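# Structural overview
Next come the chains, spelled out residue by residue.
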Amino acid sequence: MLNTFYKGFKSGTDIRGVALEGVEGQPVNLTDEVVAAMANGFALWLSDKVGKPCDKLTVSIGRDSRISGPRIVKTVSEELKNAGVRVLDCGYASTPSMFMTTVDAGCDGAVQITASHHPFNRNGLKFFTREGGLEGSDIEKILEYAQDGKKPDTADGGLIEAYGYMEHYKAHLEDIIKKGVNAEDYEKPLKGFHIVVDAGNGVGGFYADVLESLGADTSGSRYLDPDGMFPNHVPNPEDKEAMRSITEAVLENNADMGVIFDTDVDRGGAVDKSGNEINRNRLVALASAIALEGNDGGTIVTDSITSGGLKEFIEDTLGGKHYRYRRGYKNVIDKGLELNAQGINCPLAIETSGHAAMRENYFLDDGAYLCTKIIIKMAQLNKEGKSIESLTASLKEPREETEIRFEILEEDFRTCGERIINDLTAYAENAEGWILADDNREGVRVSFGKNDGNGWFLLRLSVHDPIMPLNIESDSEGGVEIIKNKLFKFLKTTEGLKI
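The text that follows walks through the structure, step by step, so that each part is easy to find. (Residues numbered from 1 in each chain as written. Predicted model: local features only at pLDDT ≥ 70, side-chain atom pairs only at ≥ 80, totals over all residues. Heavy atoms only, no water.)

### Some words on the overall build of the chain
- Scanning the chain from N- to C-terminus turns up 14 helices and 23 strands.
- Computed over the C-alpha atoms, the radius of gyration of the chain is 23 Å, within 12% of the 23 Å expected from 2.2 N^0.38 for a compact globule of 499 residues.
- Its C-alpha atoms put the chain at 75 × 60 × 45 Å along the principal axes.
- Classification of the 499 residues of the chain by burial places 57% in the buried group.
- Partitioning the contacts of the chain with sequence separation of at least 6, the portion at a separation of at least 24 is 68%. (Helix = DSSP H or I, 4+ residues; strand = E, 2+ residues; numbered from the N terminus. Rg over C-alpha atoms; globule rule 2.2 N^0.38 Å. Buried < 20%, exposed > 50% of the residue type's maximum accessible area, 1.4 Å probe, protein only. Contact = heavy atoms within 4.5 Å.)

And the structure:
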């Protein structure tokens, strides 16, 4: 059983903590001592997982641009080396590339030092084996080893060597684009295209090199150099300022497309030549259109907050099936794997945050791979005199939308949240004009007719935090306010929420 201190590091299927001073009320807890204990915990867990002694293991380690990264990499590497592990130090690297070292570089495991889009003072550890990212139960086991001070025996033969894996990974992406576009000039399939990249000072700047090597003009790209203080904008495709930045870059440079990544490049987004964001529901729609080619009738797994128009697009326009699941990218990916294991054709699992995992790519959530598939499709359509916008032209988007995050005031926030969800379900079943969704698998999703708000709401419990997010969409002006007022009549009767 994890104590309070070590339990605080578990963030779903990652480890995250405070690595730097600088934010009031957030003292450093990812100290060298704690990181060393976590590295030893991973070594023990991996040894048991793959059935090898530690001195026979090979582990890669990479990092995003956070300024605490070098310290954590050094600590992890030294601890693994002391256990006899061969450590491949990949330096700056994307999180998906670290998984790929287990596929084609012979690594038994991989560690990425990252905290995704979180502030500069935070950092964390993300782990992979050849089977993919770890489950929450695996993280708990690693943290239990760390908490209990368990570590492998010291062994000779461990070493740390520099390994420039990102060059291999870039070549891999280049080869995919060459084959996918199959241009007359095979080596320069993107010649004549202007594509801008916004890396947000994370580690995604390498993607501009990929595009340039294939003939694209990438002038006007933004924030390609790694800078762990993130001085320009949050590296996050869900962030409005970040999306405004890449949109400006596209329009100012008259580019054919813009792509944007989060800090460690496991998420991506795009902007078309007209400056329209390909993000959230539109990104899911475009990825679905691409994934369902050659997978007629296939199932697309998404998270719970996708719009009604997206479901209609996947099922009526594309002829696929929409499986709306829970928030949490690992939940979505695991459900895709489960459906395929059951014999259900599921080529894509995608969260509206930009985590997109394709079956053809090991169900790995890889922002660079997603953008690569979008760019290939853009080039293919260009040959036919069409634009990328044509693929999602029929997608219906809401007139209004909002998200409200209610703080849970009770200490046992999960029990409180579940009680409110159960009470709201019972309320909705008896409320006139409230239509409970029959395909909802998280929280409470209710639809309303044209005279009652013409839209829907979803109230759910956050995956990790004492928060209940509320999403509302409407196809009518003023509809969000109508739906909000209907729900508020119920919320006034609850206890435990800060309304």
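### Some words on the sheet that holds strand E14 (residues 321–324)
- The strand order E14-E13-E15-E16-E17 describes an open sheet built from 5 strands, whose pairing is mixed. The outermost strands of the open sheet, each flanked by one partner alone, are E14 and strand E17 (364–365).
- Here 3 bridges tie strand E13 (residues 299–302) to strand E15 (residues 348–350), and the two strands are oriented parallel to one another. Paired with Thr-302 across the bridge in E15 is Ile-350.
- Where helix H10 (residues 308–317) meets the sheet, it contacts E13 and E14, and its direction lies at approximately 150 degrees from that of E14.
- Those strands touched by helix H11 (residues 329–341) are E13, E14, E15, strand E16 (356–358) and E17, and its axis lies near 155 degrees from that of E13. (Pairing = 2+ DSSP bridges. Axes fitted to C-alpha atoms, helices over the stretch in contact; angles between N-to-C directions.)

### Some thoughts on the pattern of salt bridges
- If you walk through the whole model with that rule in mind, you get 34 salt bridges.
- Between Arg-324 and Asp-439 there is a salt bridge whose closest N-O contact spans 3.0 Å. With a gap of 115 residues between them, Arg-324 in strand E14 and Asp-439 in the loop between strand E19 (435–436) and strand E20 (444–448) connect regions that are remote in the sequence.
- Overall, the relative accessible area of 3% leaves Arg-324 in the buried class.
- Judged by its relative accessible area of 12%, Asp-439 falls in the buried class.
- Taken together, the salt bridges that share partners define one network made up of Glu-238, Asp-262, Arg-267 and Arg-280. (Salt bridge = Lys/Arg side-chain N within 4 Å of Asp/Glu carboxyl O.)

### Overview of unusual backbone geometry
- Phi angles above zero are rare outside glycine, and Asn-201 is one such case at about 65 degrees.
- Within the secondary structure layout, Asn-201 lies in the loop between strand E9 (195–198) and helix H7 (206–213).
- With a phi angle near 65 degrees, Tyr-362 is a residue other than glycine that sits in the positive phi range.

### Some points on the sheet that holds strand E11 (residues 268–272)
- Strand order in the open sheet formed by 4 strands is E9-E10-E11-E12, with mixed pairing between adjacent strands. Unpaired on one side and paired on the other, E9 and strand E12 (277–278) mark the two borders of the sheet.
- Relative to E11, strand E10 (residues 257–261) is paired through 5 bridges, and the arrangement is antiparallel. Note on E11: the bridge partner recorded for Met-257 is Asp-272.

### Quick word on the layout of surface pockets
- Empty space within the second largest pocket amounts to approximately 660 Å³.
- Lining the second largest pocket are 23 residues, with Lys-7, Lys-10, Arg-414, Val-463 and His-464 sitting closest to its centre.
- Counting only elements with at least two residues in the lining of the second largest pocket, the list comes to helix H1 (4–7), helix H5 (136–147) and helix H13 (413–430).
- The greatest single-element share of the lining of the second largest pocket, amounting to 4 residues, is contributed by H13.
- Taken together, the residues of the lining of the second largest pocket break down into 5 nonpolar, 9 polar and 9 charged. (1 Å grid on protein atoms, 1.4 Å probe; cavity = no way out; pocket = protein on both sides within 12 Å on 5 of 7 lines; lining within 4 Å. Points joined across faces, edges and corners; volume = space filled by probe spheres on them. Nonpolar A, V, L, I, M, F, W, Y, C, P; charged D, E, K, R; others polar.)

### A short note on the side chain of Arg-327
- Counting through the fold element by element, Arg-327 comes out in the loop between E14 and H11.
- Once residues lying within four places of it in the same chain are set aside, the contact partners of Arg-327 are Glu-238, Asp-303, Ser-304, Ile-305, Glu-351, Thr-352, Ser-353, Glu-442, Arg-460 and Val-463.

### Some words on the packing of helix H9 (residues 280–291) against helix H12 (residues 367–383)
- Two elements in contact, H9 and H12, have axes whose closest approach is 11 Å; the angle formed by their N-to-C orientations is 70 degrees. Between H9 and H12, the angle falls in the class roughly perpendicular. In terms of crossing hand, the pair formed by H9 and H12 is left-handed. Here Leu-283, Leu-286, Ala-287 and Ile-290 of H9 come into contact with H12, specifically with Leu-370, Lys-373, Ile-374 and Lys-377.
- By residue class, the composition of the contact of H9 with H12 is 6 nonpolar, no polar and 2 charged. (Parallel < 35°, antiparallel > 145°, perpendicular 65-115°, else oblique. Left-handed = near helix turned anticlockwise from the far one by under 90°.)

Just geometry here; none of it tells us what the structure is for.
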